[in-house]
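# Residue-level structure breakdown
If you want the building blocks of each chain, they are given just below.
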Amino acid sequence: MSLPTLLSQHIVRRPQRIALLQHIAEQGSITRAAKSAGLSYKAAWDAIDELNNLAQKPLVERSVGGKGGGGAKLSSEGQRVLRLYQKLQALQAQVLEAAEDASDLDLLGRLMLRTSARNQLHGKVVAIDNQGHNDRVRLELAEGLTLDAQITHDSTLRLELETGTEVVALIKAGWLELLGIDQQATPGSNFLNGIIEEILDAPDGPSEVRIGLPNGQTLCALAEPQHLRSQGLATDKPVRVQFAPSNVLLGTPL
């Protein structure tokens, strides 16, 4: 099975994050892998979440709170991606030598997109419902989870979206609303059930909440501590994540 297009592009343009897989395989710990890779503990977690979200299957299997800050190992899919990365390293010198001019690499850099959205979920289009000037685009994530995005019809045409198109759904952390698992979601909204994996408090702002979805992908939300307490939301507790289809941005490979 080939890698998802978006993950393949990630391997090419952000090799340092793929290299983290090798450190995890060698160290068996998020803390030690982060130190070996020259990353902060938080940056390592962010990288793992992004890689798992872009892959069809989780690349890293982890257990929070183990010896050394949490045990971690590569899944069979992660081992396969690591082998591909090692092949890429062998080819890198040849690619650089093939560039006719330094400006070639500058051009490639300008064509590669980075985004401030914390949540980047790989999926594919399974339905497009026209609603006047807008389209409601249904995406299927890994393991059959679905969500809807509302974009203009012009955007659908510009992105050349059709059934089967691979996309990445971008959702800013501040756009996610956390509800108790028994609370009803607002009609027409997306909602995904998950488990709170970690809550990172901030002294002067909302807490960062990491939520594990049943398919191995991870969401990052922002929530005030008072809201979390009022909803009975805490680490290892179930949570419902709600967000509007209009707050889902879509991107496609260039």
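The structure reproduced in this document is the subject of the present report. (Residues numbered from 1 in each chain as written. Predicted model: local features only at pLDDT ≥ 70, side-chain atom pairs only at ≥ 80, totals over all residues. Heavy atoms only, no water.)

A few words on the overall build of the protein. Of the regular secondary structure elements, the protein holds eight helices and 12 strands. In the protein, of all internal contacts separated by at least 6 residues, the share reaching a separation of at least 24 is 65%. When the accessible surface of the protein is split by element, carbon and sulfur atoms take 51% of a total near 13400 Å². (Helix = DSSP H or I, 4+ residues; strand = E, 2+ residues; numbered from the N terminus. Contact = heavy atoms within 4.5 Å. Areas by Shrake-Rupley, 256 points an atom, 1.4 Å probe, with all protein chains shown as cover.)

Here we come to the pattern of salt bridges. For the structure on display, the rule yields 12 salt bridges. Close ionic contact of lysine 42 with aspartate 46 constitutes a salt bridge, the shortest N to O distance being 3.2 Å. Here the residue lysine 42 and the residue aspartate 46 both occupy positions in helix α4 (residues 41-54), the gap between them amounting to four residues, near one helical turn. Given the relative accessible area of 38%, lysine 42 is considered partly exposed. Take aspartate 46: its relative accessible area is 17%, and that puts it in the buried class. Residues glutamate 208 and arginine 210 are paired through a salt bridge, measuring 3.7 Å at the closest nitrogen-oxygen approach. The exposure class assigned to glutamate 208 is buried, which follows from its relative accessible area of 11%. A network of salt bridges, in which partner residues are shared, links Lys42, Asp46, Asp49, Arg118, Glu198, Glu208 and Arg210. (Salt bridge = Lys/Arg side-chain N within 4 Å of Asp/Glu carboxyl O. Buried < 20%, exposed > 50% of the residue type's maximum accessible area, 1.4 Å probe, protein only.)

Packing of helix α3 (residues 30-37) against α4 brings their axes to within 9 Å, and their N-to-C directions diverge by 100 degrees. What the angle tells us is that α3 and α4 run roughly perpendicular. Listed contacts from α4 to Ile30, Thr31 and Ala34 of α3 are Tyr41, Ala44, Trp45 and Ile48. Split by residue class, the contact of α3 with α4 holds six nonpolar, one polar and no charged. (Axes fitted to C-alpha atoms, helices over the stretch in contact; angles between N-to-C directions. Parallel < 35°, antiparallel > 145°, perpendicular 65-115°, else oblique. Nonpolar A, V, L, I, M, F, W, Y, C, P; charged D, E, K, R; others polar.)

What follows is about the environment of lysine 237. Looking at where lysine 237 falls in the secondary structure, it is placed in the loop between α8 (225-230) and β11 (238-243). Lysine 237 sits 40 residues away from glutamate 197 along the chain, and the two C-alpha atoms are 8.2 Å apart. Those residues in contact with lysine 237, other than ones at most four positions away along the chain, are Gly194, Ile195, Ile196 and Gly232.

Take α4 next. End to end, α4 covers 20 Å across 14 residues, agreeing with the expected 20 Å (1.5 Å per residue, within 8%). The buried fraction of α4 is high, at 11 of 14 residues. Of all the residues in α4, the buried ones are Ala44, Trp45, Asp46, Ala47, Ile48, Asp49, Glu50, Leu51, Asn52, Asn53 and Leu54. (Expected span 1.5 Å × (residues − 1).)

Our next topic: the environment of isoleucine 196. Of note, isoleucine 196 is situated in strand β8 (residues 190-200). A relative accessible area of 0% means that isoleucine 196 is categorised as buried. With 13 residues separating them along the chain, isoleucine 196 and valine 209 place their C-alpha atoms 7.0 Å apart. Sequence-distant contacts of isoleucine 196, defined by excluding residues within four places in its chain, comprise Val209, Arg210, Leu233, Ala234, Thr235, Asp236, Lys237 and Val239.

Within α3, burial applies to Ile30, Ala33 and Ala34. Relative to the axis of α3, the buried residues are bounded by an arc of 100 degrees and lie together on one face. Its side-chain oxygen placed 3.3 Å from the backbone nitrogen of threonine 31, serine 29 serves as the N-cap of α3. (Arc of directions from axis to C-beta. Polar contact = N/O pair within 3.5 Å; in protein donor to acceptor, adjacent residues only side chain to side chain.)

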